[in-house]
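# Residue-level structural notes
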Amino acid sequence: MITKKYGWGGWKMPIFNLNDPDYCEFGCPVCINARKGNTFAKFIQRIALAVTFGGCPWGRARKMKYGVEPDEQIPQ
């Protein structure tokens, strides 16, 4: 699988492509670190999931493509 590169270490969001599930998987610094186990990132992600009722647009696109929530690993 080819991973996409996102500017500024992922902080430059693809705001004109809200249906890009790969941003959540490979670019979002909060989601990537939360899935790796960073407790602060998990805390921020839990707040975002609660406030947005299921995640940001990229997290929802990831759920549609891979079938898992933004805070879950993709099954192998």
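Residues numbered from 1 in each chain as written. Predicted model: local features only at pLDDT ≥ 70, side-chain atom pairs only at ≥ 80, totals over all residues. Heavy atoms only, no water.

Our focus in this paragraph is the pattern of salt bridges. Within the structure shown, the criterion is met by five salt bridges. R62 is the salt-bridge partner of E25, the closest N and O atoms lying 2.6 Å from each other. Here the residue E25 occupies a position in helix α1 (residues 21-27), and R62 occupies one in helix α4 (residues 57-66), the gap between them amounting to 37 residues. Linked by salt bridges that have partners in common, E25, R35 and R62 make up one network. (Salt bridge = Lys/Arg side-chain N within 4 Å of Asp/Glu carboxyl O. Helix = DSSP H or I, 4+ residues; strand = E, 2+ residues; numbered from the N terminus.)

Attention now moves to the environment of V30. Among the secondary structure elements, V30 is positioned in helix α2 (residues 29-36). Each C-alpha atom, one on V30 and one on I44, is 7.4 Å from the other, the two residues being 14 residues apart in sequence. Setting aside anything within four residues of it in sequence, one finds V30 in contact with W11, A41, I44 and Q45. (Contact = heavy atoms within 4.5 Å.)

Here we come to the confidence of the model for the chain. Detailed reading of the predicted model is not advised wherever pLDDT is low. For the chain, the average pLDDT comes to 87, and 97% of its residues sit at 70 or higher. The least confident element of the chain, judged by mean pLDDT, is α1 at 88; the most confident is helix α3 (residues 39-51) at 93. (pLDDT = per-residue confidence, 0-100.)

Below, the discussion takes up the packing of α2 against α3. Packed helices, taken two at a time, are described by the angle between their axes plus the distance between the axes. The interhelical angle for the contact between α2 and α3, taken along N-to-C directions, is 120°, at an axis separation of 7 Å. Relative to α3, the element α2 is oriented oblique. Our pair here, α2 against α3, has a crossing hand that is left-handed. On α3, the residues that touch V30, C31, N33 and A34 of α2 are A41, K42, I44 and Q45. For the contact of α2 with α3, the class distribution of residues is five nonpolar, two polar and one charged. (Axes fitted to C-alpha atoms, helices over the stretch in contact; angles between N-to-C directions. Parallel < 35°, antiparallel > 145°, perpendicular 65-115°, else oblique. Left-handed = near helix turned anticlockwise from the far one by under 90°. Nonpolar A, V, L, I, M, F, W, Y, C, P; charged D, E, K, R; others polar.)

The next subject is the environment of N19. Inspection of the secondary structure puts N19 in the segment before α1. With a relative accessible area of 65%, N19 lands in the exposed category. The sequence separation of N19 and P29 amounts to 10 residues, and the corresponding C-alpha distance is 18 Å. (Buried < 20%, exposed > 50% of the residue type's maximum accessible area, 1.4 Å probe, protein only.)

Turning our eyes to something else, we now look at the environment of K5. Secondary-structure assignment places K5 in the segment before α1. On a C-alpha basis, the gap between K5 and D22 in space is 9.7 Å, while along the polypeptide they are 17 residues apart.

In this section: α4. For α4, the complete set of buried residues consists of W58, G59, A61, R62 and Y66. Taken around the axis of α4, the buried residues stretch over an arc of 160°, which confines them to a single face. Where α4 is buried, its residues meet α1 and α2. Within two residues after α4, G67 carries a phi angle of roughly 80°, on the positive side. (Arc of directions from axis to C-beta.)

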